[in-house]
Amino acid sequence: WLVFTDLDGTLLDHDSYTWQPAAAWLSRLAEADVTVIPTTSKTREELLSLRDELGLTATPFIAENGAVIGLPARWQHARLDRDPSAPDGLIVKTPSLDIGFIRRRLAVLRERLDVRFRGMGDLSLDTVCELTALSADKARQALAREGSEPLLWDDDESALERFRHALESDGLRLTRGGRFWHVMGAVDKGQSVRWLIDRYAALRGTRPASVGLGDGPNDVSLLEAVDHPILVRGKHAAVIDVAPKVALYRTRQTGPEGWAEGIADWWQTCMETSSMDNT
Ligand code: 2M8
Ligand code: MG
Ligand code: MG
């Protein structure tokens, strides 16, 4: 099994960023050799330090809503990966547009459509700290964008729809996280989840079963890409519109408590029954 999990509002509490209520399950999954793959809006830099804190150092990660995929040595493929690895052995894929291009297009659209928004690149470190309650160090890592721009919408709904339409004609996408809107190229979490599932199959010769956990609109594609989707109750008001054929487990609790609740239910229904089948 592979477990793809969103971080903010899902494994991490929306406000305090703690994951303590999920820590016991993280150790249990590690013991059972279940790979937990962070699938998030956060940046590569945020991921590299969080992975260590979460004890997920040897796992791949999906950052910036699918725009950045990190592959540790065991997930690399001699023929499929021509890219050079970083000094730490990681190979990082950036399948879509780079942040410089995205920010230039955003500046053009702001002028042309006469709409009001602030991109993360326009915000000072202090403002990011205030808005997100991240420490200065973590906020600096959040500012190190490679392939997606979080933004604050300062205009009305109809302007937002015009903006979304213009982005799409430009080959860009708009999605929504917990606090910010996010603009990136033609990628999403679900696409990168499928890419990693294919990579696993190419390396091992067998398709893994998958679990997915998320709380926001930007997690819908993730939930639709896995065998066992878990919608963690959000602290935000956003409506989550998942395809009707998808059998969702909806948690009662939010954040890491909800994460533990959803994982416990999956463990009971899928893992305990399948290990009984095997005996
Ligand atoms: C932003 O992402 C979250 C994800 O839901 C949001 O939209 O609220 C990103 O800037 C991310 O890099 C950052 O760590 C996070 C902090 O809350 O906010
Ligand atoms: Mg989230
Ligand atoms: Mg996220």
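Preceding block: the structure.
*Asks:* Help me out: how do you make sense of the nonpolar core in this one?
*Replies:* By size, the foremost hydrophobic cluster in this structure holds 44 residues, and its most contacted members are Leu11, Leu29, Trp259 and Trp266. Going through the elements one at a time, α1 (20-31), α2 (44-54), β3 (61-63), α4 (125-132), α5 (136-143), β10 (210-214), β11 (228-233) and α9 (255-278) are the ones with two or more residues in this core. A per-element tally of this core places α9 first, with seven residues. There are two domains that each give this core at least three residues, and those are domain 1 (2-95 + 188-278) and domain 2 (99-184). Setting aside anything within four residues of it in sequence, one finds Leu11 in contact with Thr5, Asp6, Thr18, Trp19, Ala22, Leu26, Leu54, Pro256 and Trp259. Counting 21 residues, the second largest nonpolar core, distinct from the first, contains Ile62, Ile69, Leu231 and Ile240.

*Asks:* Where do I start with the site of ligand 1 in this structure?
*Replies:* For ligand 1, the set of nearby residues contains 16 residues, the closest of which are Tyr17, Glu46, Arg145, Arg179 and His182. Measuring from an oxygen atom of ligand 1, one finds a side-chain N or O atom of Glu46 at 2.5 Å. The separation between an oxygen atom of ligand 1 and a polar main-chain atom of Gly178 is 2.9 Å. Looking at the shell around ligand 1 residue by residue, the classes come out as six nonpolar, five polar and five charged. Domain assignment of the residues forming the shell around ligand 1 places at least three in each of domain 1 (2-95 + 188-278) and domain 2 (99-184).

*Asks:* What is the right way to read the coordination of the magnesium ion (ligand 2) from this model?
*Replies:* When four donors bind a metal tetrahedrally, each ideal donor-metal-donor angle is 109.5 degrees, and when six bind octahedrally, the ideal angles are 90 or 180 degrees. For the magnesium ion (ligand 2), the protein coordination sphere consists of Asp6 (OD), Asp8 (O) and Asp215 (OD), at 2.2 Å. Of note, the donors binding the magnesium ion (ligand 2) are all from one chain and are spaced D-x1-D-x206-D. Taken as a pair, the magnesium ion (ligand 2) and the magnesium ion (ligand 3) lie 3.7 Å from each other and share Asp6 as a ligand. Linking Asp6 in the loop between β1 (2-5) and α1 with Asp215 in the loop between β10 and α8 (220-225), this pair joins segments that are 209 residues apart in sequence.

*Asks:* Looking at this structure, how should I read the sheet that holds strand β5 (residues 91-93)?
*Replies:* Taken in spatial order, the three strands line up as β3-β4-β5 in an open sheet, and their pairing is antiparallel. Each having just a single partner strand, β3 and β5 make up the two edges of the open sheet. Neighbour to neighbour, the strand axes of the sheet diverge by 20° on average, direction disregarded. As paired strands, β3 and strand β4 (residues 68-71) are joined by three bridges and run antiparallel to one another. Of the residues in β4, the one forming a bridge with Phe61 is Gly70. Against the sheet, α2 engages β3, β4 and β5, with an angle of about 145° to β3. Along the sheet face, helix α7 (residues 189-204) touches β3, β4 and β5 and points at about 25° away from the line of β4.

Parameters at a glance
- Residues numbered from 1 in each chain as written.
- Chains lettered and ligands numbered in written order.
- Predicted model: local features only at pLDDT ≥ 70, side-chain atom pairs only at ≥ 80, totals over all residues.
- Heavy atoms only, no water.
- Core = buried A, V, L, I, M, F, W, Y, C linked by side-chain atoms within 4.5 Å.
- Buried < 20%, exposed > 50% of the residue type's maximum accessible area, 1.4 Å probe, protein only.
- Helix = DSSP H or I, 4+ residues; strand = E, 2+ residues; numbered from the N terminus.
- Domains from an automatic or database assignment.
- Contact = heavy atoms within 4.5 Å.
- Near = heavy atom within 4 Å.
- Polar contact = N/O pair within 3.5 Å; in protein donor to acceptor, adjacent residues only side chain to side chain.
- Nonpolar A, V, L, I, M, F, W, Y, C, P; charged D, E, K, R; others polar.
- Donors = N, O, S within 2.8 Å, 3.2 Å for Na, K, Ca; no water.
- Pairing = 2+ DSSP bridges.
- Axes fitted to C-alpha atoms, helices over the stretch in contact; angles between N-to-C directions.

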